[in-house]
Amino acid sequence: MVIRTDPRLQRVLVGNPAVVTTATTAPNEVVVTATAAGSSSVVLWQENNQSRIIEVFADVDVSLLREAITRGLPGEAVEAESEEGRVVLTGVASSTAVADQIGKMAAPFSKEIVNSIQVAQPHRQKQVLLKVRFAQVDRRKLTAFGINLFSTPGAPIFGSAGTQQFTPPQLVNNGGSGGSSGGTGANNSTIGLSDLLNLFVFRRDLNLGATIRDLQQRNVLEILAEPDLLAANGEPASFLAGGELPYPVLTGTAGQATVTVQFKPFGVKLEFTGTIESDNIIRLKVRPEVSSLDFSNSVTISGFVLPAIATRHAETVVELRDGQSFGIAGLLDQRTTAQFSKVPGIGDIPILGKLFQSRSVDKTNSELVVIVTPTIVDPAAAPTPAPEVPKMPIAPLDQKQFDTKTPHESGNK
């Protein structure tokens, strides 16, 4: 600071030399320089026998700190002031992390920092609604072919022949062999068929019949689950429709071994984390999984049958707009099971042996399809529905109709 006087100066005295220093640059001009934060008095004696006392207060220069806050954290309503060597921070920051960062930026300017920054209350966050459809495209095909032969009790030889892979017809003799048809016995027997899709052939003159099973079964589509999950922005969510399989775990040494039970979840499972970015872009991390118990690969431990768990899962990270969908496919499970049965000896005869053979081929070709649709929702911004007013059981009276007559007109009785 430069101080000029009209009269010439004779002497200059500084009350606290540790805070300010002075230098005379002209007969009527003195320069006061602050060397530390604090206060001091400067006394000026002039040639006209008059004196002047000037109180000087020196503070930390925080102009560079203000520029750093404005440049590095634009939009933050935070002020930096200096007060006798202390840096005072005031205002409202958008988050606790921002307030801590401003405090670190002010540390090089002073050893004493008064951080009075308040953190703004967190505003409501939008949420992510995830609509998931688990569908299993099952292209299972079952082909079955077999022949069962039988004769009625009235035939010279009574019996049946089959591979027992498919249920043969049930023959029940109702009693006597002399019926209304000449005593052949065919009309006195009951033939029970458990499968109406079988082909049934019967010769009454030979008392010989046959059932032929030739079927094909196919499956198309099966919906496994349709969960809808709602989670806050950036928070994980999970879904499980199934169960937990208990299985023993052996711990310890031989003589001091202990058995504990652990649970392994199985079924339709989904884990996802949705993060809302700018322009309504949803960054979605999703992990669908479908598992089931597999008793064909089970193990037996101490008399306990522990099935294996057949699992199909996928994990991916995608970016979608609000309302867009994406699908995960290609999780295939292909199995073929063939079963052949025949009557020993006669089943090996060419051509004729086909009547004593049966075949069943089960082909399983299933594909898991997962369709995911994320949607941005804001429940707090939705208008609150007005409370419903209960209806009056009896309508109120109409004043124009019932309250317009004067007491004199109504008789005043």
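Details of the structure are given in the entry above.
Each value, and the rule that gives it
- Residues numbered from 1 in each chain as written.
- Predicted model: local features only at pLDDT ≥ 70, side-chain atom pairs only at ≥ 80, totals over all residues.
- Heavy atoms only, no water.
- Phe/Tyr/Trp six-rings, centres within 6.5 Å; stacked < 30°, edge-to-face > 60°.
- Lys NZ or Arg CZ within 6 Å of the ring centre and 35° of its normal.
- Pairing = 2+ DSSP bridges.
- Helix = DSSP H or I, 4+ residues; strand = E, 2+ residues; numbered from the N terminus.
- Axes fitted to C-alpha atoms, helices over the stretch in contact; angles between N-to-C directions.
- Core = buried A, V, L, I, M, F, W, Y, C linked by side-chain atoms within 4.5 Å.
- Buried < 20%, exposed > 50% of the residue type's maximum accessible area, 1.4 Å probe, protein only.

For the rest of this paragraph, the subject is the packing of aromatic side chains. Scanning the entire structure with this criterion turns up 0 aromatic pairs. Above the face of the Trp45 ring, Arg11 is positioned so that its terminal group lies 4.3 Å from the ring centre.

Another aspect to go through is the sheet that holds strand S4 (residues 29–34). Pairing is antiparallel across the open sheet formed by 3 strands, whose spatial order is S1-S4-S3. One side of each edge strand has no neighbouring strand; the edge strands of this open sheet are strand S1 (2–4) and strand S3 (20–26). Geometrically, the sheet is characterised by an average inter-axis angle of 25° between neighbouring strands, direction not taken into account.

Ranked by internal contacts, the top residues of the largest apolar core, which has 25 residues, are Phe134, Phe272, Leu284 and Phe326. Only strand S10 (127–138), strand S18 (228–232), strand S20 (258–276), strand S21 (281–301), strand S23 (316–321), strand S24 (326–342) and strand S25 (357–377) provide two or more residues apiece to this core. Grouped together as the second largest cluster of nonpolar side chains are 15 residues, Val62, Leu65, Val98 and Ala106 included.

Strand order in the open sheet formed by 3 strands is S2-S5-S6, and the pairing between neighbours is antiparallel. On the outer flanks of this sheet lie strand S2 (9–14) and strand S6 (51–58), each paired with one strand and no other. Between one strand and the next, the sheet's axes are offset by a mean angle of 20°, whatever the strand orientation. Both S2 and strand S5 (residues 38–46) contribute to a ladder of 5 bridges, which runs antiparallel. Looking across to S5, one finds that Leu9 is bridged to Gln46.

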